[in-house]
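Residues per chain, in single letters:
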Amino acid sequence: MKMRRMGAVVLAGGLSILASVSAYAASSSTTLPPPDPTAKNLTPYMIQLRAFDACLITQSQLMGTTREAVHTPCSCYAKGTVGAMSKDEIQAFRDTGYFNDTARQKGLQFIDQCKLKRPF
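What you see is a predicted model, and the numbers here were worked out from it, not measured in a lab. (Residues numbered from 1 in each chain as written. Predicted model: local features only at pLDDT ≥ 70, side-chain atom pairs only at ≥ 80, totals over all residues. Heavy atoms only, no water.)

A. Quick look at the layout of surface pockets. If you add up the space inside the largest pocket, you get close to 390 Å³. Lining the largest pocket are 18 residues; nearest its centre among them are Ala54, Tyr77, Phe99, Ile111 and Pro119. Where the lining of the largest pocket is concerned, the elements lending two or more residues are helix H2 (44-63) and helix H5 (101-113). The leading source of residues in the lining of the largest pocket is H2, at seven residues. Here the residues of the lining of the largest pocket are counted per class, giving 11 nonpolar, five polar and two charged. (1 Å grid on protein atoms, 1.4 Å probe; cavity = no way out; pocket = protein on both sides within 12 Å on 5 of 7 lines; lining within 4 Å. Points joined across faces, edges and corners; volume = space filled by probe spheres on them. Helix = DSSP H or I, 4+ residues; strand = E, 2+ residues; numbered from the N terminus. Nonpolar A, V, L, I, M, F, W, Y, C, P; charged D, E, K, R; others polar.)

Right, here's the structure in full:
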């Protein structure tokens, strides 16, 4: 019985620390990474390659498999997402190094369409 109480106290303490860290992160004005200066002159094809590489790494970890196993779905995702991006979305990527809100929505649609796992 004493061990249960001790476990409950430790769990409650851990959860309160986690909640305070989450609240701090949510209130922070720097939730986005700083702009990536190397993205400034990327062509759509180069943006597609970046999206493909990021997909390989992320999806292989999420699915617990090899990068080779997610090659085709990641290719589908990268080609589809960048192909669907408008000129403004491409420019926003060049300015920041990551997808803006509208491009991110397109990316999520292609994650689903290409049978990948959402990273959240």
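B. Structural context of the pattern of salt bridges. What the rule picks out here adds up to four salt bridges. Across the pair Asp36 and Arg50 runs a salt bridge, and its minimum N-O distance is 2.8 Å. In this pair, Asp36 is assigned in the loop between helix H1 (2-27) and H2 and Arg50 in helix H2, connecting sequence segments 14 residues apart. A salt bridge links Asp112 to Arg118; its shortest N-O distance comes to 2.6 Å. By relative accessible area, Arg118 is classed as partly exposed at 36%. (Salt bridge = Lys/Arg side-chain N within 4 Å of Asp/Glu carboxyl O. Buried < 20%, exposed > 50% of the residue type's maximum accessible area, 1.4 Å probe, protein only.)

C. Representation of the confidence of the model for the chain in the model. Here the chain averages 81 in pLDDT, while 75% of its residues score no lower than 70. Mean pLDDT in the chain bottoms out at H1, which sits at 36, and peaks at helix H3 (residues 71-84), which reaches 98. A low-confidence stretch, residues 1-29 stays under pLDDT 50, and its non-local contacts, those more than four residues away or across chains, total one contact. (pLDDT = per-residue confidence, 0-100. Contact = heavy atoms within 4.5 Å.)

D. Main features of H5. With 13 residues, H5 extends 19 Å between its outermost C-alpha atoms, agreeing within 8% with the 18 Å of an ideal straight helix rising 1.5 Å per residue. Listed as buried for H5 are Ala103, Gly107, Leu108, Phe110 and Ile111. Seen along its axis, H5 keeps its buried residues to an arc of 165°; they face one direction. Turned more than 90 degrees off the buried face of H5, the exposed positions are Asp101, Gln109 and Gln113. Phi turns positive, to about 65°, at Lys115, one or two residues after H5. (Expected span 1.5 Å × (residues − 1). Arc of directions from axis to C-beta.)

E. Representation of the packing of H2 against H3. The contact between H2 and H3 brings their axes to 8 Å, and the two run at 140°. The hand of the H2/H3 crossing is right-handed. Of H3, the residues touching H2 (which contributes Pro44, Ile47, Gln48, Ala51, Phe52, Cys55, Leu56 and Gln59) are His71, Cys74, Ser75, Tyr77, Ala78, Lys79 and Val82. Looking at the contact of H2 with H3 residue by residue, the class counts come to 10 nonpolar, four polar and one charged. (Axes fitted to C-alpha atoms, helices over the stretch in contact; angles between N-to-C directions. Left-handed = near helix turned anticlockwise from the far one by under 90°.)

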